[in-house]
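Coordinate analysis (summary)
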Amino acid sequence: MAVTAQAKLDARKLRADFPIFEQQIHGKPLAYLDSANSSQKPRQVLDALREFYETSYANVHRAVYELGLRSDAAYDGARRKAQAFVNAETTAEVIFTRNATEGLNLVAYAWGLDNLGPGDLVLATELEHHSNFVPWQYIAGRTGADFAAVPIDDNGELRLDALEELEKRGRVKLIAVGLVSNSLGTINPIERISAWAHERDVVVVVDAAQAAPHRPLDVRALGCDFLAFTGHKMCGPSGIGVLWGRRELLERMSPFELGGEMISKVTVEKTTWNTLPHKFEAGTPPIAQAVGLGAAIDYLTEIGLPAIEEHEAELTRYAWERLSEIPGLTLYGPPPERRAGIVSFNLEGVHPHDVAQVVDAEGVAVRAGHHCNQPLMTRLGVNATTRASFYLYTVPEEIDSLVEGLLKARKLFQ
Amino acid sequence: MSELDSLYREVILDHYKNPRGHGVIDDADAVAEGQNPLCGDEVSIAVAFEGDTIADVKFQGRGCAISQAATSMLMDMVKGRTAQEVATMSRDELLDEVGIPLTPVRLKCALLGLGVLKVALHKGKGTPLPDEWAGLEELELS
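Bear in mind that the values here come from a model prediction, so they are computed numbers and not experimental data. (Residues numbered from 1 in each chain as written. Chains lettered and ligands numbered in written order. Predicted model: local features only at pLDDT ≥ 70, side-chain atom pairs only at ≥ 80, totals over all residues.)

Focus: the interface of chain B and chain A
- Of the residues lining the interface, 15 residues belong to chain B; the matching set on chain A comes to 15 residues.
- If one sorts the elements of the side of chain B that touches chain A by residue count, helix 1 (residues 3–7) of chain B sits on top with three residues.
- For the side of chain B that touches chain A, the residue count by class is nine nonpolar, two polar and four charged. (Contact = placed C-beta atoms within 7 Å. Helix = DSSP H or I, 4+ residues; strand = E, 2+ residues; numbered from the N terminus. Nonpolar A, V, L, I, M, F, W, Y, C, P; charged D, E, K, R; others polar.)

Set out below in structure tokens:
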């Protein structure tokens, strides 16, 4: 096997690309440990947005004038970048959405309403973010299908052995599963799940919101049928996401939103639909946001997704080690070698909200709450956790600041 | 005094660690529970009446220092008052007692208990539900 030398990522150097780090928070250097929530934006993306608006902006796919053509080229170019980013066969399979949530809702409505009914079983997992859980629970209810969650073990990893038992409950039609857990950082074995599913004609819907920014994605290798991610977690703007879907499924599906752009011909008697991917993009899309996402994809690709993954793996090992030193701190989920750059924990006797407030005074930004993971919180027996998450610009000193903040919180609440 | 010290002043930490009126009332006349949907914090409040007067009131909950301390202070404040009086109690009366600077996010924590208490009074005595309480639409009224 050919080994490609992968340049190691220099987070300190990359940090200079992000203007947000040029300030202090409460008189302290900003330690931004909330990238799983939303990432910060590099100058390259901000410049691309400004340049597009200043030189090429018009609505897309309707103007015959020069600016319209430039806008089309930029928007369609962003779609080709997204296609390459997930290794899709064609841009027909790449639908721009508002975010990952909208992509997942699109599948739930447009596929689910026509393909689910009594006797069918829809599966999500205990790890799912509400965005890949609630739509399925809801559409299952609307169609009379049954709904269940694949359980996790005490390490926060999926118990695929439970599928055998779950299958007895009904005809499994679809499984909704995240590639990387937004709370625990668990990396789920999508290839194995796809292999299991396709032996049974089960559709696999992957939430890649926490994976796309951090590791290489290949929809053909994953073997899934749908995959959704969002731009704002991967250095892009908010308001833009991508849904990739297998062409033959997308072609057979009814539309989701209806209106302009998604039609072929409209008469009073009947309307026919546009070709893919336009059938699923009603109305004026988030044009500049798509261009910004394209710039973000360029930025990440140039650094190299494998290098980002390795950098975060190092930080995760370091964070695990440092956090384990703190008395009364419980870490949740799998060991560092089997997770992405996300750590969730609780400090005995201090609520996560209070933890986040105390460390904020140290300039440290972490998320506190249920992380849109209430079924998981129930499984863990907590109502909230504190979560620190890392990205290409994270440096170990930020983890040190977090540890100092946690020691202060511990002292304050003693 | 730093921002943090004024937020987590001694009285807040004391109420958090040693909550007043914490527990259940076996023969409560009304019980209500509520959640802060942002963070999953929970408060459940039980009330026993003597006529229109709140004879006993107790809470249970899981949540941050601000939500639990504010609810604890609320228990001290309302015992012995009438349901009608407490149902129309202004949020500022509680916030003055809490006495710390609160961001909009933390304000929801501080007011969780008061919202839940007013729901309990509504269930027990038919007092009007306030409409200005953030998150109240999330409360189960059944």
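Don't stop here, the text continues.
Some thoughts on helix 4 (residues 100–115) of chain A
- In this model, helix 4 of chain A (16 residues) spans 21 Å end to end at C-alpha, consistent with the 22 Å of a helix rising 1.5 Å per residue.
- Of the residues making up helix 4 of chain A, those classed as buried are A:Ala100, A:Thr101, A:Gly103, A:Leu104, A:Asn105, A:Leu106, A:Val107, A:Ala108, A:Ala110, A:Trp111 and A:Gly112. (Expected span 1.5 Å × (residues − 1). Buried ≥ 20, exposed ≤ 12 C-beta atoms within 10 Å, placed from the backbone.)

As for unusual backbone geometry
All names here are of chain A.
- Cis geometry is found at the peptide bond from Leu 276 to Pro 277, where omega equals 0°.
- Along the chain, the position of Pro 277 falls in the loop between strand 12 (271–273) and helix 10 (287–303).
- At His 61, a residue that is not glycine, the phi angle is positive and equals roughly 60°.
- Counting through the fold element by element, His 61 comes out in the loop between helix 2 (43–55) and helix 3 (66–86).
- Accessibility expressed as a C-beta count within 10 Å gives 17 for His 61, which makes it partly exposed.

Re the packing of helix 3 (residues 65–78) of chain B against helix 6 (residues 104–125) of chain B
All names here are of chain B.
- Contact geometry of helix 3 with helix 6 gives a least axis separation of 8 Å together with a crossing angle of 40°. Of the two possible hands of crossing, helix 3 and helix 6 adopt the one that is right-handed. Mapping the contact onto sequence places Ile 66, Ser 67, Ala 70, Thr 71, Leu 74 and Val 78 in helix 3 and Arg 106, Cys 109, Ala 110, Leu 112, Gly 113, Leu 114 and Leu 117 in helix 6. (Axes fitted to C-alpha atoms, helices over the stretch in contact; angles between N-to-C directions. Left-handed = near helix turned anticlockwise from the far one by under 90°.)

Looking at the domain arrangement of chain A
Residue and element names in this part refer to chain A.
- Split into domains, chain A comes out as domain 1 (11–32 + 305–412) and domain 2 (48–301).
- Between domain 1 and domain 2, the C-alpha centre-to-centre distance is 28 Å.
- Counting residues at the interface gives 24 residues for domain 1 and 24 residues for domain 2.
- Of all the secondary-structure elements, those providing two or more residues to the side of domain 1 that touches domain 2 are helix 11 (305–324), strand 14 (342–347), helix 13 (374–380) and strand 17 (385–389).
- Residue contributions to the side of domain 1 that touches domain 2 peak at five residues, all from helix 11.
- Residue composition of the side of domain 1 that touches domain 2, grouped by class: twelve nonpolar, six polar and six charged. (Domains from an automatic or database assignment.)

Looking at the sheet that holds strand 17 of chain A
Residues and elements named next belong to chain A.
- Here four strands make up an open sheet; going across it, the order is 13-14-17-16 and the pairing antiparallel. Looking at which strands have only one partner, the edges of the open sheet turn out to be strand 13 (329–332) and strand 16 (367–369). Ignoring which end each strand starts from, the neighbouring axes of this sheet average 30° apart.
- Where helix 11 meets the sheet, its contacts fall on strand 13, strand 14 and strand 17, and the angle it forms with strand 14 comes to roughly 10°.
- Along the sheet face, helix 12 (residues 352–360) touches strand 14, strand 16 and strand 17 and points at about 160° away from the line of strand 16. (Pairing = 2+ DSSP bridges.)

Considering the nonpolar core
- Ranked by size, the top nonpolar core spans 125 residues in total, and within it A:Ile175, A:Val206, A:Ala208 and A:Val291 carry the most contacts.
- No other element matches the ten residues that helix 10 of chain A contributes to this core.
- In terms of domain composition, this core takes at least three residues from each of domain 1 (11–32 + 305–412) and domain 2 (48–301) of chain A.
- Dropping the residues within four chain positions of it, A:Val206 is found in contact with A:Val177, A:Leu179, A:Ile190, A:Leu222, A:Cys224, A:Phe226 and A:Leu227.
- Ranked by size, the runner-up nonpolar core spans 35 residues in total, among them B:Ile12, B:Phe59, B:Ala65 and B:Ala70. (Core = buried A, V, L, I, M, F, W, Y, C linked by C-beta atoms within 7 Å.)

A closer look at helix 14 (residues 396–412) of chain A
Residue and element names in this part refer to chain A.
- An ideal rise of 1.5 Å per residue puts 24 Å on 17 residues; helix 14 measures up with 25 Å between its terminal C-alpha atoms.
- Among all positions in helix 14, only Glu 398, Ile 399, Ser 401, Leu 402, Gly 405, Leu 406 and Ala 409 are buried. Seen from one end, helix 14 has its buried residues packed into an arc of 155°, which puts them on one side. In helix 14, the exposed positions angled more than 90 degrees off the buried face are occupied by Glu 397 and Lys 411. (Arc of directions from axis to C-beta.)

Remarks on the confidence of the model for chain B
Residues and elements named next belong to chain B.
- With 90% of its residues at a pLDDT of 70 or more, chain B has an overall mean of 88.
- Confidence over residues 134–142 falls short of pLDDT 50; this stretch has 16 contacts with residues more than four positions distant or in other chains.
- Across the predicted assembly, pTM comes out at 0.93 and ipTM at 0.85. (pLDDT = per-residue confidence, 0-100.)

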